Amino acid sequence: MGCRIIGCGKALPALDVKNDELTKLVDTSDEWIVTRTGIESRRVAVAETGTDLSVAAARQALGWDEGGYSERRVDPAEIDLVIYATITPDAMVPSCAGLLRRRLGLERAAAFDLNAACSGFVYGLSVAESLMAACAPNAAGASGRNPIRRALIVGAERLSRITNWPDRNTCVLFGDGAGAAVVEWDEERPGILSSFIANEDDPTNALTCPAAYDSPVPFDNEGVSLRAEEHDDSLDAVDEELGIRAHIADGEPRQVLRMDGQKVFKFAVGALSAAVDVALERAGLTLDDVSLIVPHQANERIIRYAAKKIGRPLDFFQVSIAHRGNSSAACIPMTLADAYENGRIKPGDKVVLVAFGGGFTSGAVVYEA
Ligand code: UT7
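Predicted model, so just to flag it, every value in this text is computed and none were measured.

Q: Could you give an account of the environment of Pro203, naming the residues involved and the relevant values?
A: With respect to the helices and strands, the residue Pro203 is situated in the loop between β9 (192-199) and β10 (207-208). Given the relative accessible area of 74%, Pro203 is considered exposed. As for Pro203 and Gly359, which are separated by 156 residues in sequence, their C-alpha atoms are 9.6 Å apart.

Below you can see the structure in the form of structure tokens.
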């Protein structure tokens, strides 16, 4: 028995910002960004809310729309739990999970948001699996608790809202998007074989962002963007929305991500390989049993270093950073959807999802597809 991933999906904002566009804003070059990070372009949500993107990603994961991967169509009343991982919620109250629940008609679901930075989706998956193991209808501790048989887990971000656009050290790295997965408790088959979630102190505040951020896309009571009709993809429109040139002229805005890249890089390479080791050991497996690793997408060089560290080629990892950049909690579910769409995950395969990020958080999940 186990908690199986039965669907996943992804959604990206319409606006594609290529590296060359960023050279008009800060002193950088396509060549620097590509060689140091592997990123060629990223999506920026000008008209879409995070909830809009999550609805689209979740519909694929639930088997309602084309795209992503889905074993079957899941009815709204089958979902018992929604976990929405983000550091850029559309609102603090109601939760984005609650907005998603309403828009998808998931009337039986309990719903909450979760912040574990870039590790949010892996944390969400681990929490959902633990709740299911305790609260699935036949589980030992089921009585007296919410029965949880199926959950929707989302990672969604609009990092463009907290990106420090005048800072070339960070503004080239981030992108927006949403990914989702549906998990189901299966009495017969295994699914998640082990999980590991961890925090380490970040004593020098190598990666921080203050509590609130400016200019959310206006939206109605269900989290639907009020801008969808007035979509303008030009760089000027993005600039008007995010105030990039004004920030550059006036100095750094307050509510932005700040990062000491090299410190985070070092933490990331170590945390990635350590999390894979612990999760595999807990599952009683070795790397030889694994078909694919789906890592957080912060920098292609981090994945290359980690690959070297564990003695595997880059191809052992699903790498999807080139046209998306780092979209924090959204990276892993979007990358997982890519792996299924590209036919890289087949029934019975053992797959590792591994994350690291601000906090410092890290985590890994090993599952059998
Ligand atoms: O998901 C959250 C976790 N985040 C991460 O994991 C990010 C981890 N860190 C990184 O990915 C890398 O450290 C960065 C991509 C952020 C930076 O790459 P780096 O190879 O560590 O570069 P650096 O910070 O050592 O900077 C090297 C040079 C500096 O110039 P000087 O001082 O040598 O003259 C920077 O000012 O590159 C310069 N630089 C740039 N030049 C052109 C930094 N950013 C840029 C840029 N364009 N965008």
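Q: Before we move on, can you summarise the pattern of salt bridges with the specific residues and values?
A: Applying the stated criterion across every chain yields a total of 24 salt bridges. Ionic pairing is found between Lys10 and Asp338, a salt bridge with its closest N-O pair at 2.8 Å. Separated by 328 residues along the polypeptide, Lys10 in strand β1 (residues 2-11) and Asp338 in helix α11 (residues 331-341) bring together distant segments of the chain. Look at Lys10 and you get buried, because its relative accessible area is 16%. With a shortest N-O distance of 2.8 Å, Asp80 and Arg108 are connected by a salt bridge. In this pair, Asp80 is assigned in the loop between β4 (69-70) and β5 (81-85) and Arg108 in the loop between α4 (96-104) and β6 (110-114), connecting sequence segments 28 residues apart.

Q: Describe the nonpolar core, listing the residues and the values that go with them.
A: Counting residues in each nonpolar core, the largest one holds 55 residues, and the members touching the most others are Ile293 and Val352. Broken down by secondary-structure element, the contributors of at least two residues to this core are β2 (15-18), β9, α7 (235-242), α9 (261-283), α10 (300-310), β13 (350-357) and β14 (361-368). The element best represented in this core is α9, accounting for eleven residues. For Val352, the contacting residues outside a window of four places in its chain are Val276, Leu280, Val290, Leu292, Ile293, Val294, Ala364, Val365 and Val366. With 39 residues, the next largest nonpolar core counts Ala85, Cys135, Ala151 and Ile192 among its residues.

So, how was this worked out
Residues numbered from 1 in each chain as written. Predicted model: local features only at pLDDT ≥ 70, side-chain atom pairs only at ≥ 80, totals over all residues. Heavy atoms only, no water. Helix = DSSP H or I, 4+ residues; strand = E, 2+ residues; numbered from the N terminus. Buried < 20%, exposed > 50% of the residue type's maximum accessible area, 1.4 Å probe, protein only. Salt bridge = Lys/Arg side-chain N within 4 Å of Asp/Glu carboxyl O. Core = buried A, V, L, I, M, F, W, Y, C linked by side-chain atoms within 4.5 Å. Contact = heavy atoms within 4.5 Å.

Spatial relationships are all this shows, so hold off on functional conclusions.
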